[in-house]
Amino acid sequence: MNWRFWLVLLVFGGLLALGVRYFILRRQQSSDFQKCPHCRSTYRGELTYCPHCGGLVTRWSNRR
Ligand SMILES: [Zn+2]
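Residue numbers restart at each chain and count upward from 1, following the sequence in its written direction. Side-chain atom pairs in this predicted model are given and counted only at pLDDT of 80 or more, local residue features only at pLDDT of at least 70, and totals for whole chains, interfaces and linings cover all residues. To get the side-chain values, take all heavy atoms of the structure and skip hydrogens and water.

Visitor: Looking at this structure, I do not really get the overall build of the protein chain. What am I missing?
Guide: Counting from the N terminus, the helices are DSSP H or I runs at least four residues long and the strands are E runs at least two residues long. Looking only at helices and strands, the protein chain features one helix and two strands. Starting at the N terminus and walking to the C terminus, you meet the elements of the protein chain as α-β-β. In this description, contact between two residues means that some pair of their heavy atoms is separated by no more than 4.5 Å. Pairs at least 24 residues apart make up 7% of the contacts formed inside the protein chain by residues separated by at least 6 positions. Of the roughly 6200 Å² that the protein chain leaves accessible, carbon and sulfur atoms contribute 60%. The accessible surface values rely on the Shrake-Rupley method and a 1.4 Å probe; as for residues, cover is taken only from the protein chains in view.

Visitor: Please clarify how a nonpolar patch on the surface should be interpreted in this entry.
Guide: Nonpolar side chains (Val, Leu, Ile, Met, Phe, Trp, Tyr) are joined into patches within 5 Å and like charges within 9 Å, using only residues with over 30% relative accessible area and no salt bridge. Criterion for a salt bridge: a side-chain nitrogen of Lys or Arg within 4 Å of a carboxyl oxygen of Asp or Glu. Residues Trp 3, Leu 7, Val 11, Leu 15 and Leu 18 make up a contiguous nonpolar surface patch of roughly 570 Å² in combined accessible area. Examined against the element boundaries, Val 11 turns out to sit in helix α1 (residues 3-32). A residue is classified by how much of its surface remains accessible, and Val 11, at 48% relative accessible area, is partly exposed. Note on exposure labels: buried denotes an accessible area under 20% of the residue type's maximum, exposed denotes more than 50%, and partly exposed covers the range between, all computed with a 1.4 Å probe on protein chains only.

Visitor: What is the right way to read the environment of Val 57 from this model?
Guide: Within the secondary structure, Val 57 sits in the segment after β2 (42-44). Once the C-alpha coordinates of Val 57 and Pro 37 are considered, the two residues, 20 residues apart in sequence, prove to be 7.2 Å apart. Apart from the residues lying within four places of it in its own chain, the contact partners of Val 57 are Cys 36, Pro 37, His 38, Tyr 43, Leu 47, Thr 48, Tyr 49 and Cys 50.

Visitor: Got a minute to help me understand the coordination of the zinc ion in this structure?
Guide: Angles at a metal have ideal values that depend on geometry: 109.5 degrees with four tetrahedral donors, 90 or 180 degrees with six octahedral donors. Each metal's donors are the N, O and S atoms within 2.8 Å of it, or within 3.2 Å when it is Na, K or Ca, and because water is not part of the set, sites may look incomplete. Looking at the zinc ion, the protein donor atoms are Cys 36 (SG), Cys 39 (SG), Cys 50 (SG) and Cys 53 (SG), and they sit 2.3 Å from it. Classification of the site at the zinc ion as tetrahedral follows from its four donor atoms and the range of 105 to 112 degrees in their angles at the metal. Each donor residue of the zinc ion lies on the same chain, and together they follow the pattern C-x2-C-x10-C-x2-C. Cys 50 gets classed as buried once you look at its relative accessible area, which sits at 4%. In this structure Cys 53 comes out as partly exposed when scored by relative accessible area, which is 40%. Think of it this way: with four donors and all angles in the 85 to 135 degree range, the site is tetrahedral; with four or six donors, opposite ones beyond 155 degrees and the rest between 65 and 115, it is square planar or octahedral; otherwise it is irregular.

Visitor: Help me understand the side chain of Ser 41 in this model?
Guide: Within the secondary structure layout, Ser 41 lies in the loop between β1 (33-35) and β2. Classification of Ser 41 as buried rests on a relative accessible area of 17%. Leaving out residues up to four positions away in the same chain, Ser 41 has contacts with Gln 34, Lys 35, Cys 36, Cys 50 and His 52.

Here is the structure:
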């Protein structure tokens with residue numbers, strides 16, 4: 001009976017789903033990929049030294 005209401009609801013729901021998906025994807029990326037503070041290049045895994053510039057990039061030295 002009120003198709004505009006459902007249309008708005010659908011659009012908002014789609015946007016919300018997209019936002020949540022983007023947020024989750026970005027969170028996974030940030031936990032998987034790290035950024036070197038020296039040369040600003042991304043690398044994978046928990047490394048002690050950057051594979052590009054050789055700078056110290058470890059952030060987990062306190063945990064181990
Ligand atoms: Zn680097």
